[in-house]
Amino acid sequence: MDLAEHAKEIRKTIIELAHSSKIPHVGSAFSCTDILTVLYFKKMRLDPWENRDVFILSKGHCEAALYSTLFHKGILDEQTLAGYCKNDGALPSHLDRFSARGIEVSTGALGHGFNMGLGMAYGFKKKHEDRSVYAVIGDGESQEGSIWEGALFAPKLGLDNFTVVLDYNNLQGYGRARDLCEYEPVQKKWDAFGWTTYSIDGHDLGQIEEALNAPHHGRPKIIIACTTKGKGVSFMEDKLIWHYYIVTDEIREKALKELG
């Protein structure tokens, strides 16, 4: 199965999870699906497990994207996945590091996962462990002050084992990131803080892989991934309502038909 097929199957599973649980944030999950697909199926070293690379979904409200990816990678089993947002189930609607294999930190309160990843990367450096840390942050999330504290600190530590992907779908809970804050020029801001930066189409699997493999130049790296909220299902794409709407029977049928 190629990367595009993996991404399609992950999106279908997200729809099924959203439908069975009646939990929102489908649009947010779809915008980062291609990023997670390349990370888990091409980039990250996961074997042996005790020496694995670490992935942190700092924008923890799109947890369904990570659960679905872990399932298709064979890290989560079907029984665990079926417990998503169910009584006595293991998987909550925000990530809990004690819930299941592959959930590295608890996230959902925005701005925290990024800095926990920074700390892990520093720890690996101090212990001379050849392990990398990858974190996905949201554009709305990156308005949190804690993100910028870490952004100032990471280059000082020379964390060339830390890669951040900014899921820049420009559509957060209350509107456009560019309208709510003085957001641009976002890449120049990270440049000024001392990061190695790349800007890509966040749904082009080839560009994602190329950017993940691109050099750090002795510094932490951030990839500005320009994405579309709801990517993959036409009636969800770039629609604010899919930050909140649930997947009904009718929507499930339409979405799965479109995904093929």
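Draft legend 1. Representation of the packing of aromatic side chains within the structure. Per the stated rule, a full pass over the model turns up 11 aromatic pairs. A centroid spacing of 5.2 Å and a plane angle of 70° characterise the contact between W148 and F193, whose relative ring orientation is edge-to-face. One end of the pair, W148, is in helix 7 (residues 145-153); the other, F193, is in the loop between helix 9 (186-192) and strand 4 (196-201), and 45 residues separate them in sequence. Assessed through its relative accessible area of 27%, F193 is described here as partly exposed. By the ring-pair criterion, three or more aromatic residues cluster together here, those being F114, W148, F162, W190, F193 and W195. Above the face of the W49 ring, R101 is positioned so that its terminal group lies 4.1 Å from the ring centre.

Draft legend 2. Representation of the pairing of strand 3 (residues 162-168). The buried fraction of strand 3 amounts to seven of the seven residues, a majority that puts the element mostly inside the structure. By the bridge criterion, six bridges tie strand 2 (residues 133-138) to strand 3 in an arrangement that is parallel. When the sheet's bridge partners are listed, I137 is paired in strand 3 with L166. For strand 3 and strand 5 (residues 221-226), the ladder comprises six bridges, and the chain directions are parallel. Counterpart to D167 in the pairing with strand 5 is A225.

Draft legend 3. Quick look at the packing of helix 1 (residues 3-21) against helix 11 (residues 249-259). At a minimum axis separation of 10 Å, helix 1 and helix 11 run at an interaxial angle of 175°. Put simply, helix 1 runs roughly antiparallel to helix 11. In this structure, helix 1 contributes K8, R11, K12, I15, E16 and H19 to the contact, and helix 11 contributes D249, R252, A255, L256 and L259. For the contact of helix 1 with helix 11, the class distribution of residues is four nonpolar, one polar and six charged.

Draft legend 4. Region of the structure containing the pairing of strand 5. Of all six residues making up strand 5, five are buried, and the element is well covered by its neighbours. Where strand 4 lies against strand 5, six bridges are found, and the strand directions are parallel. What sits directly across from T196, in strand 5, is K221. You can see the chain leave strand 4, run along helix 10 (residues 205-213) and come back into strand 5, and the turn it takes is right-handed.

Draft legend 5. Looking closely at helix 7. Buried within helix 7 are the following residues: I147, G150 and A151. End-on, the buried residues of helix 7 take up no more than an arc of 105°, which puts them together on one face. Projecting away from the buried face of helix 7 at angles above 90 degrees are the exposed residues E149 and L152. The inward-facing, buried residues of helix 7 abut helix 6 (112-126), strand 2 and helix 9.

Draft legend 6. Seen up close, the environment of V105. By the secondary structure assignment, V105 is in the loop between helix 5 (78-82) and helix 6. On the accessibility criterion, V105 (8% relative accessible area) is buried.

Conventions used here
- Residues numbered from 1 in each chain as written.
- Predicted model: local features only at pLDDT ≥ 70, side-chain atom pairs only at ≥ 80, totals over all residues.
- Heavy atoms only, no water.
- Phe/Tyr/Trp six-rings, centres within 6.5 Å; stacked < 30°, edge-to-face > 60°.
- Helix = DSSP H or I, 4+ residues; strand = E, 2+ residues; numbered from the N terminus.
- Buried < 20%, exposed > 50% of the residue type's maximum accessible area, 1.4 Å probe, protein only.
- Lys NZ or Arg CZ within 6 Å of the ring centre and 35° of its normal.
- Pairing = 2+ DSSP bridges.
- Axes fitted to C-alpha atoms, helices over the stretch in contact; angles between N-to-C directions.
- Parallel < 35°, antiparallel > 145°, perpendicular 65-115°, else oblique.
- Contact = heavy atoms within 4.5 Å.
- Nonpolar A, V, L, I, M, F, W, Y, C, P; charged D, E, K, R; others polar.
- Right-handed = clockwise from strand over helix to strand, strands pointing away.
- Arc of directions from axis to C-beta.

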